[in-house]
Amino acid sequence: YDLLHDLLSSRLGPEAVPPLRVVIDDGRLFSMSNRRLAALHMFQALRRHEVVHVPCLVYTAGDPRISPRYKVAKTAACS
């Protein structure tokens, strides 16, 4: 996990991470950026004394900019 290493060594700050793509579907949040999310979860776990803020792009499930990819990802996750 290069991202986690960069965060822990302060080569990169959480605010410099490319935005997580998040979809709101039926009142629930779904990440389209799972690898980055996993690295950030690990970083947060090691930094329990501070809140880690990261940029996010939030979409609705029907947004045409994300809809085709989200439908494929949601279908694959539910299989």
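Here the structure is shown first, and the text comes after it.
Residues numbered from 1 in each chain as written. Predicted model: local features only at pLDDT ≥ 70, side-chain atom pairs only at ≥ 80, totals over all residues. Heavy atoms only, no water.

A. Expanded view of the overall build of the chain. A tally of regular secondary structure across the chain gives three helices and three strands. Seen in sequence order, the chain has helices and strands lined up from the N terminus as α-β-β-α-β-α. A buried classification covers 28% of the 79 residues belonging to the chain. In the chain, once contacts between residues fewer than 6 apart in sequence are set aside, the share between residues at least 24 apart is 59%. As displayed, the chain offers around 5,700 Å² of accessible surface, 57% of which is attributable to carbon and sulfur atoms. (Helix = DSSP H or I, 4+ residues; strand = E, 2+ residues; numbered from the N terminus. Buried < 20%, exposed > 50% of the residue type's maximum accessible area, 1.4 Å probe, protein only. Contact = heavy atoms within 4.5 Å. Areas by Shrake-Rupley, 256 points an atom, 1.4 Å probe, with all protein chains shown as cover.)

B. Region of the structure containing the pairing of strand S2 (residues 28–31). Bridge count between strand S1 (residues 20–25) and S2: four bridges; the pairing is antiparallel. When the bridges of S2 are listed, aspartate 25 appears paired with arginine 28. Between S1 and S2, which pair antiparallel in sequence order, lie two residues; one of them, aspartate 26, sits at a positive phi of approximately 55°. (Pairing = 2+ DSSP bridges.)

C. Region of the structure containing the sheet that holds S1. Spatially, S2-S1-S3 is the arrangement adopted by the three strands of the open sheet, whose pairing is mixed. Single-partner strands in this sheet number two, and they are S2 and strand S3 (56–60). Adjacent strand axes in the sheet meet at a mean angle of 30° when their direction is disregarded. Note: S1 against S3, five bridges, orientation parallel. Following the sheet pairing, valine 22 is matched in S3 by valine 58. (Axes fitted to C-alpha atoms, helices over the stretch in contact; angles between N-to-C directions.)

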